Amino acid sequence: MLAVLHRSGRTVLTSLTVQAVSRNYSSGQMAKRVAVVLAGCGVYDGSEIHEASAVLVHLSRGGATVNMFAPNIDQMHVVNHLKGEPTEEKRNVLVESARLARGNIQDLSKLSVENHDAIIIPGGFGAAKNLCTWAVQGKDCCVNEEVKAVLQAFHGEGKPIGLCCIAPVLAAKVFRGCELTVGIEGNDKYPNTADTAAAFQQLGCKHVSKSVDQVHVDQKNKLVTTSAFMCDAPIHQIFDGIGVMVQDVLKLA
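Fair warning: this is a prediction, and the values are worked out from it, not measured in the lab.

### What about the pattern of salt bridges?
Note that side chains of opposite charge can pair when their charged atoms are close.
So, step 1. Summed over all chains, the structure comprises six salt bridges.
So, step 2. E89 is paired through a salt bridge with R91; the nearest N and O atoms lie 3.0 Å apart.
So, step 3. E96 serves as the salt-bridge partner of R99, at 3.2 Å between the closest nitrogen and oxygen. With R99 and E96 both in helix α3 (residues 93-100) and three residues apart, the pair spans about one turn of that helix.
So, step 4. On the basis of relative accessible area, E96 is assigned to the buried category, the value being 7%.
So, step 5. Taken together, the shared-partner salt bridges connect E89, R91, E96 and R99 into one network.

What follows is the structure, given as structure tokens:
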């Protein structure tokens, strides 16, 4: 009897092992290659750490292959995150982004659109200070030339672009007439949404009010946006909303 049970158990285990290997092989064959572009390290002068981590966790869960990039430029300035005040320091965006990437990051100039199926840019003030100058010039800002070229290249190839928090301002400047969300207008939980949405409209873009756990998908331009920390929400809601964004980007890839 024990021998029969042993043989049956071994047969079941063997079957399960084959199924698992098949699933892993299948997912490996279909894995999406996603470029994540960072803008430094820290909410006030770089990429928002929780948002960047959420993006990476959800991409991992979705079976994606991830490569991280950042422009090799000086930050606009450096902010003491304890005091919330600028300092006299000088820091490099690529070097600081390497903290988030655990050192595994490349110069944005090396990003090959051909080798990736999608691109995602987390928020944080770095997106509005280092990737463009929205933080100081608003709708009249300039987008970093490398960032602009990369976004245009993905868009030109019909590959999806994911943006969260304040990062959708990049699309508003690069893709006239696109549809975006940075939260819900006229809601106290989204204190900066109304002004940003108004700027979008002045740029010829459409703002679509969506809650923190929702995204807006601009099907024509393959843009997926969510408000993240544009909303004064618990961190788990930020995490979940970014998860929806990542899932929709992978579906479009």
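### Observations regarding the nonpolar core
So, step 1. Judged by nonpolar contacts, the single largest core of 73 residues is most densely connected at L59, L111, W134, I242 and M245.
So, step 2. Of all the elements, helix α9 (residues 235-252) adds the most residues to this core, at seven residues.
So, step 3. Not counting chain neighbours up to four residues away, the residues in contact with W134 comprise A128, K139, C141, V169, K173, T196, A199, F200 and L203.

### Structural notes on the state of the cysteines
Two cysteines form a disulfide when their sulfur atoms are joined by a covalent bond.
So, step 1. Scanning all chains against the criterion turns up zero disulfides.
So, step 2. Here C141 is not disulfide-linked; the sulfur of C132 is the nearest cysteine sulfur, at 4.3 Å.
So, step 3. Under the relative-accessibility criterion, C141 is labelled buried at 4%.
So, step 4. Take C165: it sits in no disulfide, and the sulfur closest to it among the cysteines is that of C164, at 6.4 Å.
So, step 5. When its relative accessible area of 8% is taken as the criterion, C165 is described as buried.

### A closer look at the layout of surface pockets
So, step 1. Volume-wise, the largest pocket comes out at about 400 Å³.
So, step 2. As for the largest pocket, its lining consists of 16 residues, of which F125, I166, N192, T196 and M230 are closest to the centre.
So, step 3. Mapped onto the lining of the largest pocket, the elements with two or more residues apiece are α4 (125-129), α5 (134-137) and α8 (193-202).
So, step 4. Broken down by element, the lining of the largest pocket gets its largest block of residues, three residues, from α8.
So, step 5. Put simply, the second largest pocket is a space of about 240 Å³.
So, step 6. Taken together, twelve residues line the second largest pocket, and the ones lying closest to its centre are K32, G62, G63, A64 and L250.
So, step 7. Its residues assigned to classes, the lining of the second largest pocket comprises five nonpolar, five polar and two charged.

### Section: the pairing of strand β7 (residues 161-164)
So, step 1. Burial along β7 is two-sided: I161 and L163 facing one way and G162 and C164 facing the other are all buried.
So, step 2. The pairing of strand β6 (residues 118-121) with β7 spans three bridges and is parallel. Paired with I120 across the bridge in β7 is G162.
So, step 3. Examined bridge by bridge, β7 and strand β11 (residues 223-226) share four bridges and lie parallel to one another. Bridged to G162 within β11 is V224.

Reading the values: rules and limits
- Residues numbered from 1 in each chain as written.
- Predicted model: local features only at pLDDT ≥ 70, side-chain atom pairs only at ≥ 80, totals over all residues.
- Heavy atoms only, no water.
- Salt bridge = Lys/Arg side-chain N within 4 Å of Asp/Glu carboxyl O.
- Helix = DSSP H or I, 4+ residues; strand = E, 2+ residues; numbered from the N terminus.
- Buried < 20%, exposed > 50% of the residue type's maximum accessible area, 1.4 Å probe, protein only.
- Core = buried A, V, L, I, M, F, W, Y, C linked by side-chain atoms within 4.5 Å.
- Contact = heavy atoms within 4.5 Å.
- Disulfide = S-S within 2.5 Å.
- 1 Å grid on protein atoms, 1.4 Å probe; cavity = no way out; pocket = protein on both sides within 12 Å on 5 of 7 lines; lining within 4 Å.
- Points joined across faces, edges and corners; volume = space filled by probe spheres on them.
- Nonpolar A, V, L, I, M, F, W, Y, C, P; charged D, E, K, R; others polar.
- Pairing = 2+ DSSP bridges.

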